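Chain by chain, the residues:
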Amino acid sequence: MPMFNLSGMSNESKEKNYDVVIVGAGPGGLSSAIYTARAKLKTLVLEKAIEGGQINLTNMVEDYPGFVSISGEELADKFVEHAREFGVSFANEEAMEMDLSGDVKKIKTDFGNEYTAKVVIMDTGSNPRKLGVPGEDEFANHGVSYCAVCDGSFFKDKPVVVIGGGDSAIEEGIYLSKISSKVSVIHRRDKLRAQKIVQERAFKIPNMNFFWNSVVTEIGGGNSVEYVLLKDVKSGKITKHSTSGAFIYVGLVPNSKLVENAVETDDHGFIITDEHMETKVKGVYAVGDVRKTVLRQVVTAAADGAIAAVDLTKYFD
Amino acid sequence: MAALLSEEDKKYLVDLFGKELKSKVKILFFKSDDKDECQYCDVSRQMLEELAETNEKIDIEIHDFNDESELVERYKVEMMPAVIMLDKDGNDMRVRFYGVPSGYEFSTLIEDIIAISKGGDVELSSATLEMLENVDSPIKLQVFVTPTCPYCPKAVAMAQKLAMKSKYIQGEMVEANEFPELSMRYNVSSVPHIIINEGAGEFVGALPEDAFVEQVMSVVKGA
Ligand SMILES: Cc1cc2nc3c(=O)[nH]c(=O)nc-3n(C[C@H](O)[C@H](O)[C@H](O)COP(=O)(O)OP(=O)(O)OC[C@H]3O[C@@H](n4cnc5c(N)ncnc54)[C@H](O)[C@@H]3O)c2cc1C
C-alpha cells in the first residue's frame, strides 16, 4: 500500500454540462468512464467519498484477473489512474437529487452544483447491512464497526468478533487477526460461504476461532462494547462472549434511494436493468453492486460498466 | 531515508502545482528530534520537504515544538508532528494536521495547499456560506482519522473548508493511531469521528455538506 495516496484528488472542471454523468466512482463506473472517454464522450464522475469505491475497504483482492494479489487500495488507484489517463473529469461531490425524466438529465449535488447529462449511469454501490440487534446502534462507533481497514487499528491486541460467513467476513477476519489478539467468527450456519481458498487460510490461523450455528442476539457493554450474547440456533442456549469489538459483515443494502421513485427496483432495492444495463428509463443505466445481479464483485462491476458504456453510444450516433 | 514520494507522484504534483498554485503557501511544521517523543516526526518532515521540492511556491518552515514556545503559543500548537498553513501574507488559515497526513489524507493536504494558494478559494454551497456569516464564536473541529480510512478525507476536507471560510473556525485532522490518549479521551473507535469544541458535540461519518454543517451548527446554537 503506498504510504502517500493521491487517488482522492479531484480534477474538477467548472464545466456543468456533460454527455455522460456517472454517479459513484466504483469499479463499474470507472470502467464505464474509460469506455465513454475513449468514445470521446464528455464524461464526469461524481464521488462522495473516495474514488475507487468499496474496493478501498478491503485489504487484499486475489480474484481480479491480472493481479494474483493486490491491495484493494492499489487496485482502486489503478482504476482511477486509468480513467484519468483518458481525460475523465472527477468531482468530489455527492449527488443529492436527480431529475431523470427528460432527454436532458439533471443532477444536483451537495455543493449546490447542478450538472446535466444526456446519459446517467448509477454506480452507487451498496452499504453494509445492519445486523438489527439491540446494542448495534448504541455501540455504533464505540466498538461496532463495518470497516476493518478503517477501524481495525483501534483493536490492537484486543479480542474482536466478526459476524458473518461470506467472503468479506472471512477476509476481513483474517486481516483483523494480524492486529487483534483474537478473532472469533460468529456464523449462523455450520459451514462458511466464503471461497474455499479463503476458508482454508482462515482455519490455519491460530488466533482465529469459529462459533458455528450461532447468532448474535445482543451487543452490550459500558462506554464501549464489552460482550455479545450468542444464541446457539440448534439448542437455543444463550451464552455471553467477552469482546472489545464487533465487526459486522452480513450482506449489503443497495444505495438506490436516490432513484427509487424513478427506476424499477426489486424488493431489496436493487435496480432492475435489461441485459444492456439500461433501466426502464431511457438513458439511465445501472452497473455494479447496486444492480439486481447474481454476483457482486469487482470483475462483474467492471463488466457491467463496459456493457453499459458501449450500449449508451446509441444516444450519440 | 529513501524517497517517500514515488517519481510518478512527484511528476503528477509538479504538473498539478504548476497549473494550480497561484500565490505562495507557507507551511509551519512543528517537530521534535526525540524519537520517543515523536515517532513519526522525521517521516512527516521528509514528506514535506519532498513536497516543497515540487514547486517553489511551497515554503516549509521547520520549528521545534519544545524550544520555540513563543510560536507554539501563538499558533496554539497542541501536539506534534503538526502542520499549519499560512497564506502568502502569513495569515493563519486555521488548518491543522496533527500526525502524518499519510495514506488517503495526503490528498487532503495537497488540496489544502492549492486552496490556500488561491486565497482560501474553496467550493461551498451558498446555504453554507450564509450560515458561516452568523458564526461569531470560536469553533474547533477535530476530525479523527486513520490513514487507511477511505471515508475520512471527505470529513477532514469539509472541516478545513469551513475553517478557510470563517475566521472563527479551526479545522484539524488528528491521526488517531498517533495520539492514542486523545482518541481514548473521546472514545474514538470508528473514523471519521468529529469532535466539536473539545467534546461539546460530536458525530461520526463522512456526511454530505448540509448535514455536516447542520451538526456543527447545532452545537454552536446550543451553547
Ligand atoms: C470488505 C469487502 C471486501 C471485498 N473483497 C472483494 C474481493 O476480494 N474481490 C472482489 O472482486 N470484490 C470484493 N468486494 C466487492 C467489491 O468491492 C464490489 O463488488 C465492487 O466494489 C462494486 O463496485 P461498484 O462499481 O458497484 O461500486 P462500489 O465499489 O460499490 O462504489 C460505489 C461508489 O459510489 C459512491 N456513491 C454512492 N452514492 C453516491 C452519491 N449519491 N453521489 C456520489 N457518489 C456516490 C460511493 O461512495 C462509492 O464509492 C469486497 C467488498 C467489501 C466491502
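Residues numbered from 1 in each chain as written. Chains lettered and ligands numbered in written order. Predicted model: local features only at pLDDT ≥ 70, side-chain atom pairs only at ≥ 80, totals over all residues. Heavy atoms only, no water.

(A) Just the overall build of chain B, in detail. From N to C terminus, chain B includes eight helices and eight strands. A globule of 223 residues ought to have a C-alpha radius of gyration of about 17 Å, and chain B, at 17 Å, matches this closely. For chain B, the spread of C-alpha atoms along the principal axes amounts to about 50 × 40 × 35 Å. Expressed as a percentage of the 223 residues in chain B, the buried residues total 59%. Restricting the contact set of chain B to residue pairs at least 6 apart, pairs at least 24 apart contribute 72%. Total accessible area on chain B is roughly 9,400 Å²; 47% of this is exposed by carbon and sulfur atoms. Side chains of chain B carry 23 positive and 42 negative charges; the gap between the two charge centres is 5 Å. (Helix = DSSP H or I, 4+ residues; strand = E, 2+ residues; numbered from the N terminus. Rg over C-alpha atoms; globule rule 2.2 N^0.38 Å. Buried < 20%, exposed > 50% of the residue type's maximum accessible area, 1.4 Å probe, protein only. Contact = heavy atoms within 4.5 Å. Areas by Shrake-Rupley, 256 points an atom, 1.4 Å probe, with all protein chains shown as cover. Lys, Arg positive; Asp, Glu negative; His and termini not counted. Charge placed at Lys NZ, Arg CZ, Asp CG, Glu CD.)

(B) Fine view of the overall build of chain A. Scanning chain A for helices and strands turns up six helices and 17 strands. For 317 residues, the compact-globule formula gives about 20 Å, and the C-alpha radius of gyration of chain A, at 21 Å, lands near that figure. With 317 residues in all, chain A has 56% of them scored as buried. A total accessible area of about 13,900 Å² is found for chain A, and carbon and sulfur atoms account for 50% of it.

(C) The confidence of the model for chain B, seen in detail. Scored by pLDDT, chain B comes out at a mean of 94, with 99% of its residues at no less than 70. The complex model carries a pTM of 0.90, and its ipTM stands at 0.82. (pLDDT = per-residue confidence, 0-100.)

(D) Fine view of the sheet that holds strand β12 (residues 214-221) of chain A. Residue and element names in this part refer to chain A. Read across the open sheet, the three strands follow the order β12-β13-β14; overall the sheet is antiparallel. With partners counted over all chains shown, the strands left at the sheet margins are β12 and β14 (238-242), one partner each. Taking the axes of each pair of neighbouring strands and ignoring which way they run, one obtains an average angle of 30 degrees across the sheet. Sheet topology note: the strand β13 (residues 225-232)/β14 ladder contains five bridges and is antiparallel. Across the sheet, Leu230 pairs through a bridge with Thr239, a residue of β14. (Pairing = 2+ DSSP bridges. Axes fitted to C-alpha atoms, helices over the stretch in contact; angles between N-to-C directions.)

(E) How the structure looks around the site of the ligand. Residue and element names in this part refer to chain A. The immediate surroundings of the ligand are formed by 37 residues, with Gly28, Glu47, Gln54, Asp123 and Asp289 found nearest. One of the side-chain nitrogen or oxygen atoms of Asp123 is found 2.5 Å away from an oxygen atom of the ligand. The backbone of Val298 places a nitrogen or oxygen atom 2.8 Å from an oxygen atom of the ligand. Isolated, the ligand exposes 990 Å² of accessible area, and the fraction of that covered by the protein chains is 94%. (Near = heavy atom within 4 Å. Polar contact = N/O pair within 3.5 Å; in protein donor to acceptor, adjacent residues only side chain to side chain.)

(F) Expanded view of the interface of chain A and chain B. Taken together, the contacts link 40 residues of chain A with 41 residues of chain B. Between chain A and chain B, a total of about 3,400 Å² is buried, with carbon and sulfur atoms accounting for 57% of that surface. Where chain A meets chain B, there are one salt bridge. Asp110 of chain A is the salt-bridge partner of Lys154 of chain B, the closest N and O atoms lying 3.3 Å from each other. Here chain A and chain B share 17 residue pairs in polar contact (both at pLDDT 80 or more) between them. Broken down by secondary-structure element, the contributors of at least two residues to the side of chain A that touches chain B are α2 (72-85), β8 (144-145) and α3 (148-151) of chain A. Residue composition of the side of chain A that touches chain B, grouped by class: 15 nonpolar, 15 polar and ten charged. (Buried area = accessible area lost by both parts, 1.4 Å probe. Salt bridge = Lys/Arg side-chain N within 4 Å of Asp/Glu carboxyl O. Nonpolar A, V, L, I, M, F, W, Y, C, P; charged D, E, K, R; others polar.)

(G) Summary view of the nonpolar core. Counting 108 residues, the largest nonpolar core has Ile170 of chain A together with Leu51, Phe106, Leu109, Ile110, Ile113 and Phe212 of chain B as its most contacted members. Looking at this core element by element, the count peaks at eight residues for helix α6 (residues 152-165) of chain B. In contact with Ile170 of chain A, other than residues within four places in its own chain, are Gly164, Gly165, Val185, Leu192, Ala194, Val198, Ala202, Met208 and Phe210 of chain A. Within the second largest apolar cluster, 29 residues are counted, among which are Val61, Ala83, Val287 and Val298 of chain A. (Core = buried A, V, L, I, M, F, W, Y, C linked by side-chain atoms within 4.5 Å.)

(H) Summary view of the environment of Gly199 of chain B. All names here are of chain B. Position of Gly199 among the secondary structure elements: in the loop between β7 (193-196) and β8 (201-204). For Gly199, a relative accessible area of 44% gives the class partly exposed. Here the alpha-carbon distance between Gly199 and Lys35, two residues 164 residues apart in the chain, equals 30 Å.

(I) Region of the structure containing the packing of helix α1 (residues 27-38) of chain A against α2 of chain A. All names here are of chain A. For the pair α1 and α2, interaxial distance at closest approach is 9 Å and the crossing angle is 25 degrees. The pairing of α1 with α2 is recorded here as roughly parallel in orientation. Handedness of the α1/α2 crossing: left-handed. Residues Pro27, Leu30 and Ile34 of α1 pack against Phe79, Val80, His82 and Ala83 of α2. (Parallel < 35°, antiparallel > 145°, perpendicular 65-115°, else oblique. Left-handed = near helix turned anticlockwise from the far one by under 90°.)

(J) Structural context of the packing of aromatic side chains. Scanning the entire structure with this criterion turns up ten aromatic pairs over all chains. Between Phe144 of chain B and Tyr186 of chain B, the aromatic rings sit 6.0 Å apart at their centres with planes inclined by 65 degrees, giving edge-to-face as the arrangement. Residue Phe144 of chain B is located in strand β5 (residues 139-145), and its partner Tyr186 of chain B is located in the loop between α7 (180-185) and β7; the two are separated by 42 residues in the primary sequence. No difference in accessibility class separates Phe144 of chain B from Tyr186 of chain B, as the two residues are buried. Judged by centre distance (5.1 Å) and plane angle (85 degrees), the rings of Phe203 of chain B and Phe212 of chain B are edge-to-face. Since its relative accessible area comes to 0%, Phe212 of chain B is described here as buried. Aromatic ring contacts, followed pair by pair, group Tyr64, Phe67 and Phe79 of chain A into a single cluster. A cation over a ring is seen here: Arg84 of chain A above Phe90 of chain A, with NZ or CZ 5.1 Å from the ring centre. (Phe/Tyr/Trp six-rings, centres within 6.5 Å; stacked < 30°, edge-to-face > 60°. Lys NZ or Arg CZ within 6 Å of the ring centre and 35° of its normal.)

(K) Main features of the environment of Leu176 of chain A. All names here are of chain A. Secondary-structure assignment places Leu176 in helix α4 (residues 167-177). According to the relative accessible area criterion, Leu176 is buried, its value standing at 0%. For the pair Leu176 and His276, spaced 100 residues apart in the sequence, the C-alpha separation amounts to 39 Å. Among residues more than four places away in sequence, those in contact with Leu176 are Ala148, Gly152, Val160, Val162, Val183 and Phe247.

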